[in-house]
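Working through the structure, step by step
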Amino acid sequence: ARVCAHLVRRVSWLREGREHRSVSFQKFEVKVNSKFKFSGFANGGKSYMEVVVEQQPITPDNLNLGTLHADTDRDAARILSGLVGLTARPLGNDLYDPWKICSQDSRFGSRLTKETRDELCKLTKHKAMKKAIYKSCEGTLLVPMTPDPKADPPRVYTFVASAVRPSLSEKQQSKLRGLPGWPRLSAFPLKHLQLAPKKRQDLIRREVDSCSELLQWPALLERMQESGALKFDRFPLPDLVFAKNGRLTAGKGSLWSRICSSGLLHSDPRQAKPKMVGVVIFSNDTALRTETETETLMAKEIVKKVKAELEEVGIQALESFMRIESKEMNPANVLQQAGVGAGDALLLFGSQSLRPEDASYIREQIKLECLRIGSEPNGPHVASQWFEMGNSKWQGLPDNFSMQNVLSAIVAKLGHAPFGVDCKAWAIDSQKEVVAVGYDVCHMCRYRASNKHISNKHIAAGMRVSSHDKGRSGIMSKLEHHVEDVNAETVPGDVLRRLIPPSFATGRVVVVHRDGRFPDSELAELRKYQQELGLHTAFVLVEVVKWAGGAPRIYKGDERPEQGSHLFLDDTTGVLVSTKVSFGTQNPLRVSLRDIYGQVQKSLQQQGWLQSVFDLSFLHFGSLFKDARLPATTYFADSLAYQSAEAGIAEGLDSHDDDLPTQQFWL
C-alpha cells in the first residue's frame with residue numbers, strides 16, 4: 001500500500017499545476033491549484049490509499065510587495081519588521097509551498113542599489129525574476145526570504161519587493177493593511193477554496209486515473225475500492241446539561257433560552273454582582289467620525305439588554321456608561337476612568353470612525369490590561385467583551401444570535417458555567433473518576449497588538465476539564481488552566497507536572513489531548529509521572545492533529561457526512577468529522593491513541609478516546625450556534641497560550657486553586 005501510494009505521489013507531483021482554475025478576486029485573477037497528497041495504509045489484511053486534495057490560491061504576479069514605499073533605510077527597516085513571519089511566493093514559484101519572510105539581515109542591505117542589482121541578476125536564472133530586478137528603481141525594498149524557516153541555520157535568499165507575492169489570508173492582509181502603499185484588500189474568500197463533496201471526489205478520481213494511466217496500472221481506483229470495506233460509524237450528539245436537571249441535545253434547540261429557563265449549571269457567588277461599564281471608543285480625527293452619536297445610543301441599548309438578560313440567570317450587574325477618544329486611549333487610564341476592578345466587566349464598543357488597524361491595537365491593549373488586573377496575586381480579573389460597531393449585526397436592533405453568543409461568553413468570563421456536556425459514554429469508570437486535559441505550546445516572534453518583533457517566545461498552556469459536582473461525574477463543565485514559559489516546543493517533565501498537577505490527576509483516569517504529536521521525551525516523562533502517582537492513576541494519551549492537509553475527507557455518498565461521522569484507519573488512528581458546514585466538505589481531524597499508562601475501562605480503550613475529542617468540542621461557551629472543530633481542551637489551550645504570551649504574565653497564571661474563579665478570558 002505504501003509503495004503504491006509513493007509511486008502515485010511521485011507521478012502526481014510531475015503533473016502538479018495541471019488541475020487548476022481561475023477565480024476573480026476584486027480586480028485580480030487568482031489561480032487556484034489543486035495539490036494532492038497520497039499515503040497508503042493497511043487494515044484487516046487489506047490495502048488502502050488515502051488521498052487528500054488541498055486548494056491553494058496563487059497570488060497573481062501583479063499583486064506584489066513592490067507597492068510598498070521606503071524612501072529611507074529607516075523606512076525600509078520599519079516595513080521589513082512588519083513583514084517578518086509572513087508567507088509569500090517568489091515569482092515563478094507556483095508549485096512549491098510558500099516561503100517565509102525572515103528577519104535575518106541580508107548582505108545586500110534593505111534597499112536596491114546599482115551594485116546589488118548587478119549581483120542579484122548574476123545570481124538568478126529565472127527570466128521573470130531578472131525582469132523584475134531590471135525594472136526596479138534604485139531604493140526599492142529588498143526582502144529576505146527562506147524556503148525552510150526551521151532549518152538551522154535557514155537558507156536566506158534576497159528578492160526585490162516586486163518579485164514577492166504575499167499569501168492572501170485574512171491574517172496576512174490585516175498585517176499588510178498598516179504598511180504604506182499596500183492596497184486595502186479584503187481576505188481571499190474561503191468559498192473559492194471550498195469544494196462540494198461530489199466535485200471533490202471527481203477531482204480525486206481524475207487525478208488517480210491519470211496517475212495510474214501514466215504508471216500503466218489499469219483501473220487502480222477500482223482495484224483499491226474492491227480491496228475491502230472500511231468501517232464507518234457515527235457518534236451521537238451529546239446532551240448539554242443545565243441546572244434543575246435540564247437537558248438539551250446539542251444543536252437541537254435554543255441554548256440561551258434553556259439557560260434562562262433552567263439556570264446556570266454552576267454559579268460563583270463571588271461574581272454574582274459585578275460592576276459593568278460600557279465604553280465607546282471613537283477616533284479623534286473629525287474627518288473619520290461617522291454617526292458616533294447614533295453608535296453611542298446603540299451601545300447604551302446593548303448595555304441595558306445585557307444587564308437585563310444577565311438578571312434572568314441570576315447575575316445582578318450594576319451598569320454605567322462612558323465615551324473616550326482614541327487619542328486619550330491608555331489601557332490603564334480607561335480602566336481607571338471606568339472605575340472597574342477585579343471581578344467587574346468592561347463592554348468595549350469600537351466606533352466605525354476607528355481605522356481597522358487602530359481598532360485592533362486598542363482592543364488587544366485594553367484586553368491585556370484587563371487580564372493584568374487581578375493576576376497578582378492570582379485574583380479575579382476584569383472580564384472584557386469587544387463589540388465592532390461597524391459590523392452590521394450591531395447596527396439597528398442587535399442581532400439575536402450574536403447577542404446570545406455575547407451573553408454566554410460574558411457569563412463564562414465572569415467565572416460561571418452556563419452548561420455542561422454529558423460525556424458518560426466514555427467518561428465513566430466504576431473505580432475512579434474520568435477527567436480530561438489538553439495542552440499546547442505557542443511559538444511567538446511578534447506581539448500582535450503592537451506589531452513589534454520579539455525574540456522567540458514559547459508558552460505552554462494546559463486546560464483541565466472536569467465536573468463541578470463530584471456527585472455528577474461525567475458531566476464536563478469545569479475548566480481550569482495553567483500557563484508557563486518553556487524553552488522550546490517540547491514540554492519538560494516539571495512543567496507537565498504543573499499542567500497536570502497531582503491534586504488533579506491522582507486516583508483518576510486522565511485523558512490527555514495533545515495539540516499535534518507527542519515528542520518521545522514527553523511520552524517518557526508522562527509514563528514516569530503516572531508511575532509516581534500510583535496504580536490507581538491512568539493516562540490515556542491522544543494526539544489531535546488539525547492540519548488542513550493531513551486527513552482525507554469522509555463522504556456520505558455524494559453528500560457531506562453527518563456530524564460525528566468517523567472512520568478507524570486502524571486500532572489507534574481515526575478520522576473524525578466534528579463539525580457541520582453549509583458549504584464545501586468538512587475538514588476532519590486526524591486523531592491517534594498514542595498510548596495508555598495504567599488500567600482503564602475497555603470502552604475508553606476501544607473508541608472512547610476518539611469520542612472524547614468529539615464530545616468536548618461542544619464545551620464552548622462563546623459560540624452557541626457554531627460548533628468548534630477542536631475539543632475545548634486543545635482549542636482553549638491554544639487561545640490561552642497566545643493571549644497569555646501577549647499579556648506577559650505567563651508565570652503562575654493558574655486557576656486550579658478552588659478558591660479562585662475559573663474565568664474564561666480567552667473566549
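In what follows, the accompanying structure is described. (Residues numbered from 1 in each chain as written. Predicted model: local features only at pLDDT ≥ 70, side-chain atom pairs only at ≥ 80, totals over all residues. Heavy atoms only, no water.)

**Focus: unusual backbone geometry**
- One non-glycine residue, Q26, lies in positive phi territory at about 55°.
- Mapped onto the elements of the fold, Q26 is located in the loop between β1 (20–25) and β2 (28–43).
- One non-glycine residue, N245, lies in positive phi territory at about 60°.
- Along the polypeptide, N245 turns up in the loop between β10 (239–241) and β11 (247–249). (Helix = DSSP H or I, 4+ residues; strand = E, 2+ residues; numbered from the N terminus.)

**So, the pairing of strand β12 (residues 275–282)**
- The buried fraction of β12 is high, at 7 of 8 residues.
- Judged from the 8 bridges that link them, β12 and strand β13 (residues 318–325) form a sheet pairing that is parallel. Bridging across to β13, F282 finds its partner in E325.
- Bridging between β12 and strand β14 (residues 345–350) involves 6 bridges; their strand directions are parallel. Paired with V279 across the strands is L348, a residue of β14. (Buried < 20%, exposed > 50% of the residue type's maximum accessible area, 1.4 Å probe, protein only. Pairing = 2+ DSSP bridges.)

**Looking at the environment of K27**
- Here K27 shows up in the loop between β1 and β2.
- Considering only alpha carbons, one finds K27 and L185, 158 residues apart in sequence, at a separation of 10.0 Å.

**Describing the pattern of salt bridges**
- Under the counting rule described, the total for this entry stands at 26 salt bridges.
- R498 serves as the salt-bridge partner of D494, at 3.2 Å between the closest nitrogen and oxygen. Note that D494 and R498 are positioned in helix α13 (residues 493–499) at a spacing of 4 residues, about one turn of the helix.
- A relative accessible area of 43% places D494 in the partly exposed class.
- In this structure R498 comes out as partly exposed when scored by relative accessible area, which is 34%.
- Across the salt bridge formed by E543 and R517, the nearest N and O atoms sit 3.4 Å from each other. Linking E543 in strand β22 (residues 538–545) with R517 in the loop between β21 (509–515) and α15 (520–533), this pair joins segments that are 26 residues apart in sequence.
- Under the relative-accessibility criterion, E543 is labelled buried at 4%.
- Residue class for R517 comes out partly exposed when judged on its relative accessible area of 47%. (Salt bridge = Lys/Arg side-chain N within 4 Å of Asp/Glu carboxyl O.)

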